[in-house]
Structures are given as structure tokens and as C-alpha cells.
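So you can see what is in the structure, the chains are spelled out below.
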Amino acid sequence: MSTSNEAARPYRKLLATLFDEAVRAVGGRQALYANSVVEADRWLYRRGGQEVCVQLPQRSGTGKVFVLGAGKAAASLAHGLEQVLGDRIDAGLVIVKRGHREDLQRVGIVEASHPTPDLSSVQATQQLLALLRTTSDADTIFFVLSGGASSLLFAPAADLSYQAKAAAVQLLVNSGAPIEEINVVRRHLSAVKGGRLRLQARCAQFCTLAISDVISDDPATIGSGPTVADASTFGDALDVVERHELRGKLPAAVIACLQRGAQGLEEETPERGDATFRDDVYQIVASNRVSLATCMDAARKLGYPAEIVSENMAGNTHAAARSFASTLAAAARSPQNSGSPSLFFAGGETTLSVSQGGKGGRNQEFALVAASELQDIPNVVLLSAGTDGTDGPTDAAGAFADGATIERARALGFDPQEHLRRHDVYPLLEALGDLHRTGPTGTNVMDLVIGVAF
């Protein structure tokens, strides 16, 4: 077949449009502005038949309203609160990834490093904690939280350097461990995660508003749970280290910290049932399921058959890509597919075990692996992209793939399998014009894969 991908081009535009609609539906600003209101001295959130109420201080009283938070979408969430609460907000600060600012009027913004935390992350967290510690028993605190907070909200446990903790987390991420296990370790190497930030706040009402970037929507895992109690232990954290054979690779100070905790020499994270959390409000305002539902609604409006292949896509990135590509290939070859487009969706977050430091991300690898499975199938296209607008340490959200991707790459002198082996797929996909760039999106609900057989 020809190395041209002209037949696929119109469908790339379709997939990009669907992706944009799905992302808009879970934007932080939109999620709060469209679904909440202030009535008297109450902030009310209403969505999907449920109502959440947060009591605000009386204007004539001494209580204040604080908006604090961290994550890639923290500024977007704070923006939504500003639009609803207006001058009811007295002070605030959110920590965001560099480049993820928004134009806020009453809430301050500080940028920090992601995905690898550095000194800026430590300093930003100290600044946020300093403001948190000024709160009083009469105050109301809104804490906005999204994916990325685990790196941006960064305060290592006592006697642990930020370099040691950052190195430990990077080794865990590269090991291919699932995010739930990575965050168990993070919580036990931190002075703010696993509910420890919440313990430092004084207030009449504490409300966490979260965008979920984990399949389970588990509050203890989202951002490593800085505002909720934690059921895991130091022993659990050591089990994660052993399971992924990292004991001999992690910094000695990290292992020593976890061992002291397992021996009862370090204080555990607060347990569920702790009175501090009894009257708190925790509300997930956006998730990957909302994005998938938006995709399905859009497909129905276009009159296209559509199917959610997986709403909890997880595990090895390459295995997930091959599975999705197999579904897409079967649809393309089906006699029922007579030129009328059929759409397929998947959402979740896969994992990569990275042994070499090339340039790319899990969505870019997903696309290139899928392309290998779809070779010489002319009537398929897919897009795999991160809803936050970034895939790994790159400027792309993800990438497109079609039946001609591999042939086009070879025609330009690339060896796709070698680039996959070195986890260096960005240069190949950039040369092909197959990267999908959106810029920061104001949300983070894991990844979306959208495919079409036409």
C-alpha cells in the first residue's frame, strides 16, 4: 500500500474533535462553574441527582474562606470556584505544573516541577503549608486536587532529603508498578500525603474537590490522598518495594525510613475513623467515565455505531495497545463494516517499565505498538492521548496511528521496533507528523484511546 495516509486524514480530525469534547466535559473550571452555586451562606454542588453542601462563614463573622490545592488541574478548579464564590474567597494558593497557569483573581498560583519533583516543589509546598497554618476554627477550606499533586505537593518525611524521595519515586514509576502501589510508598515517605496535610489545618468545614486520575477513583490514591485517612501501612510500602525488586536500588535512607515505620519507630498515616476527618466533605467532580460517556453521546449524535472497549484499561502499555488494535482490526475486516465508520473507545492508565531514557510517553508507545498490529489495514485510525495534554516529559498529549504508520516510518529510515525498545518513539512520531499536541487542558482524568474503522 502507499506510504501516504491521506485516506486516514479526515478521520484524524474526527478523533481529535471527539477527544476535545471529552476533555472539555471534565475541565476543572467547567465542572465547578456549571454545577455549583452559593445560596445564603452555603455552597451547593449539584450533579447527577446528588447534592453536596458546604457551610460558608457568615459575612458578619470572623471566619474566612480559603482555596488551596495542587495538581495539573488545580488552577482550573480554583478558577471555577472563583467564578462561583467571588469575593467570598479571602485567600488561597494552588500549586500547578509549569505552564498550567490560569488567570486567577483571588487565589495565588505557584508553579513547580512535574513529573519529577525538585526544590521548587518543596518550596511551593512550604508556601502552601504556611498559609494553611494561618487557618482558624471558624474558617472554611476548599482543597482542589487533581493528578500531578503527588509530585507538586512534595514534603519528604523527617530526615529524608527531597533528592532521595524523588529518586525513589522515579525508580518506582520506571519499574512499571501501578499507581496505587506507587502512592502507597509515596504516602509513607511524606509529611503531607496520606492525610497528613489535613491534620495541619484548623477549620469549621474542610471540603476536597477532586478530579480523579485513577481507575478506582480511590481518594487515598488521587494525589496520594493528602486530605483523607489512609488504610495502608509502612509494612505495605515495604511489600511494594519487595514485589518490584527495588530494595537494592532505592536510596538507603528511603529503605531505612520505611523500616523504622514498620518497626513502629515512625508515626503511621492517620487511619480511617480518625475524628479529624469525620465531618469533612470529599467530592469527585470529574473522572474518566465522564469522558467516555461524552464520547459515546457524541458518536450517537453523529449517527455512528460506537463501543466502549474498556473503561478500566490498565496493565502493560504494549499489551493494552495490542488488545485495542486487535478489536479495531477485527471491526475493519468485518463484512458488517461496509464503509460506515464505527467508533471504539477506551479509558484508563497503562504502565511502562522503562529501562532506557529515550523521549516519549505511554500514549506515544501505545500508538506505535498499535500501528505495528494494524500494518496494511487501510481503513483504521486511532488516537491515544493523555487528557491533561502531556504524555511523559514531552510537549505532546499523545499520537495518532493508522495502517500506514509503520511503512511511512520505514520509508523515512526509522526502525519502529528499535525506537520502541529504547522508549524513544517521540522523534519517529514527530517526523511522521503523528503527534497530537493540545497544550494544557485544565483537567487530568488519565488517558483516552479513540479508534475508528471506516
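Since this is a predicted model, take the numbers as computed values, not measurements.

**Quick word on the overall build of the protein chain**
Per the secondary structure count, the protein chain includes 15 helices and 15 strands. Here the protein chain has a C-alpha radius of gyration of 23 Å; the compact-globule value for 454 residues is 22 Å, and the two agree. Relative to its full complement of 454 residues, the protein chain shows a buried share of 58%. Long-range pairs, those at least 24 residues apart, make up 77% of the contacts in the protein chain between residues at least 6 apart in sequence. Of the accessible surface of the protein chain, which amounts to about 17,500 Å², a share of 47% is contributed by carbon and sulfur atoms. The positive charge centre, built from 42 side chains, and the negative charge centre, built from 51, are 2 Å apart in the protein chain.

**Quick look at the pattern of salt bridges**
In total, this model carries 28 salt bridges according to the counting rule given. Arg 46 is paired through a salt bridge with Glu 39; the nearest N and O atoms lie 3.4 Å apart. For Arg 46, a relative accessible area of 37% translates into the label partly exposed. A residue is classified by how much of its surface remains accessible, and Glu 39, at 32% relative accessible area, is partly exposed. Linking Arg 408 and Asp 434 is a salt bridge whose minimum nitrogen-to-oxygen distance equals 2.9 Å. Pair noted here: Arg 408 is in helix α13 (residues 405-411) and Asp 434 is in the loop between α15 (426-432) and β14 (435-436), with a separation of 26 residues, a long-range link. Relative accessible area serves as the criterion here: at 7%, Arg 408 is assigned to the buried category. In this structure Asp 434 comes out as buried when scored by relative accessible area, which is 0%. Put simply, Arg 12, Asp 402, Arg 408 and Asp 434 are held in one network by salt bridges that share partners.

**Here's the deal with the side chain of Ser 190**
Its location among the elements puts Ser 190 in the loop between α7 (179-187) and β8 (205-211). Looking at Ser 190, its side chain comes within polar contact range of the main-chain nitrogen of Val 192, at 2.9 Å. Only 3.0 Å separates the side chain of Ser 190 from the backbone nitrogen of Lys 193, close enough to count as a polar contact. In this structure, Ser 190 is in contact with Ala 155, Pro 156, Ala 157, Lys 165 and Arg 196, ignoring residues within four places of it in sequence.

**Section: the side chain of Asp 139**
Of note, Asp 139 is situated in the loop between α4 (119-132) and β7 (140-145). From its side chain, Asp 139 meets the backbone nitrogen of Lys 64 in a polar contact 2.7 Å long.

**A look at the sheet that holds β14**
Within a beta sheet, neighbouring strands are joined by backbone hydrogen bonds and run either parallel or antiparallel to one another. Within the open sheet, the 6 strands sit side by side as β10-β11-β15-β12-β13-β14. Their pairing is mixed. Edge positions in the sheet fall to β10 (306-313) and β14, since each of these pairs with one other strand and no more. As paired elements, strand β13 (residues 398-402) and β14 share 2 bridges and run antiparallel to each other. Bridge assignment links Ala 399 to a residue of β14, and that residue is Leu 435. Across the sheet, helix α12 (residues 362-373) is in contact with β10, β12 (380-386), β13, β14 and β15 (447-453); its angle to β13 comes to roughly 5°.

**What about the sheet that holds β7?**
Taken in spatial order, the 6 strands of this open sheet run β6-β5-β4-β7-β8-β9, and their pairing is parallel. With partners counted over all chains shown, the strands left at the sheet margins are β6 (108-112) and β9 (281-286), one partner each. Strand-to-strand, the axes of this sheet are offset by a mean angle of 20°, without reference to chain direction. As judged from the 6 bridges shared by strand β4 (residues 65-70) and β7, these two strands associate in the parallel manner. Residue Leu 68 lies in a different strand from β7, and its bridge partner there is Phe 143.

**Examining the packing of aromatic side chains**
Tallying each qualifying case throughout the model produces 5 aromatic pairs. Ring geometry for Phe 143 against Phe 206: centres 6.4 Å apart, planes inclined by 20°, an arrangement best described as stacked. Taken as a pair, Phe 143 in strand β7 and Phe 206 in strand β8 lie far apart in primary sequence, 63 residues in all. Through a chain of ring-to-ring contacts, three or more aromatic side chains come together here, namely Trp 43, Tyr 45 and Phe 142. Between Lys 359 and the ring centre of Tyr 426, over which it is positioned, the NZ or CZ distance is 4.1 Å.

**Some thoughts on the nonpolar core**
Phe 324, Leu 328, Phe 366, Leu 374, Val 380, Leu 382 and Ala 453 are the most contacted members of the largest nonpolar core, which totals 35 residues. Only α11 (317-333), β11 (342-348), α12, β12, β13, α13, α15 and β15 provide two or more residues apiece to this core. Per element, the largest residue contribution to this core is 8 residues, and it comes from α11. The contacts of Val 380, once residues within four sequence positions are left out, are Leu 328, Ala 332, Leu 374, Ala 401, Asp 402, Gly 403, Val 452, Ala 453 and Phe 454. In terms of nonpolar packing, the next biggest core, distinct from the first, is built from 33 residues, Val 26, Trp 43, Leu 85 and Val 285 among them.

**Side note on the packing of helix α6 (residues 162-174) against α7**
In the contact formed by α6 and α7, the axes pass within 10 Å of each other and the chain directions differ by 165°. The angle between the axes of α6 and α7 places the two elements in the roughly antiparallel class. The way α6 lies across α7 gives a crossing that is right-handed. Residues Lys 165, Val 169, Leu 172 and Val 173 of α6 lie in contact with α7, whose contacting residues are Ile 182, Val 185 and Arg 186. A class-by-class count of the residues in the contact of α6 with α7 yields 5 nonpolar, no polar and 2 charged.

Conventions used here
- Residues numbered from 1 in each chain as written.
- Predicted model: local features only at pLDDT ≥ 70, side-chain atom pairs only at ≥ 80, totals over all residues.
- Heavy atoms only, no water.
- Helix = DSSP H or I, 4+ residues; strand = E, 2+ residues; numbered from the N terminus.
- Rg over C-alpha atoms; globule rule 2.2 N^0.38 Å.
- Buried < 20%, exposed > 50% of the residue type's maximum accessible area, 1.4 Å probe, protein only.
- Contact = heavy atoms within 4.5 Å.
- Areas by Shrake-Rupley, 256 points an atom, 1.4 Å probe, with all protein chains shown as cover.
- Lys, Arg positive; Asp, Glu negative; His and termini not counted.
- Charge placed at Lys NZ, Arg CZ, Asp CG, Glu CD.
- Salt bridge = Lys/Arg side-chain N within 4 Å of Asp/Glu carboxyl O.
- Polar contact = N/O pair within 3.5 Å; in protein donor to acceptor, adjacent residues only side chain to side chain.
- Pairing = 2+ DSSP bridges.
- Axes fitted to C-alpha atoms, helices over the stretch in contact; angles between N-to-C directions.
- Phe/Tyr/Trp six-rings, centres within 6.5 Å; stacked < 30°, edge-to-face > 60°.
- Lys NZ or Arg CZ within 6 Å of the ring centre and 35° of its normal.
- Core = buried A, V, L, I, M, F, W, Y, C linked by side-chain atoms within 4.5 Å.
- Parallel < 35°, antiparallel > 145°, perpendicular 65-115°, else oblique.
- Left-handed = near helix turned anticlockwise from the far one by under 90°.
- Nonpolar A, V, L, I, M, F, W, Y, C, P; charged D, E, K, R; others polar.

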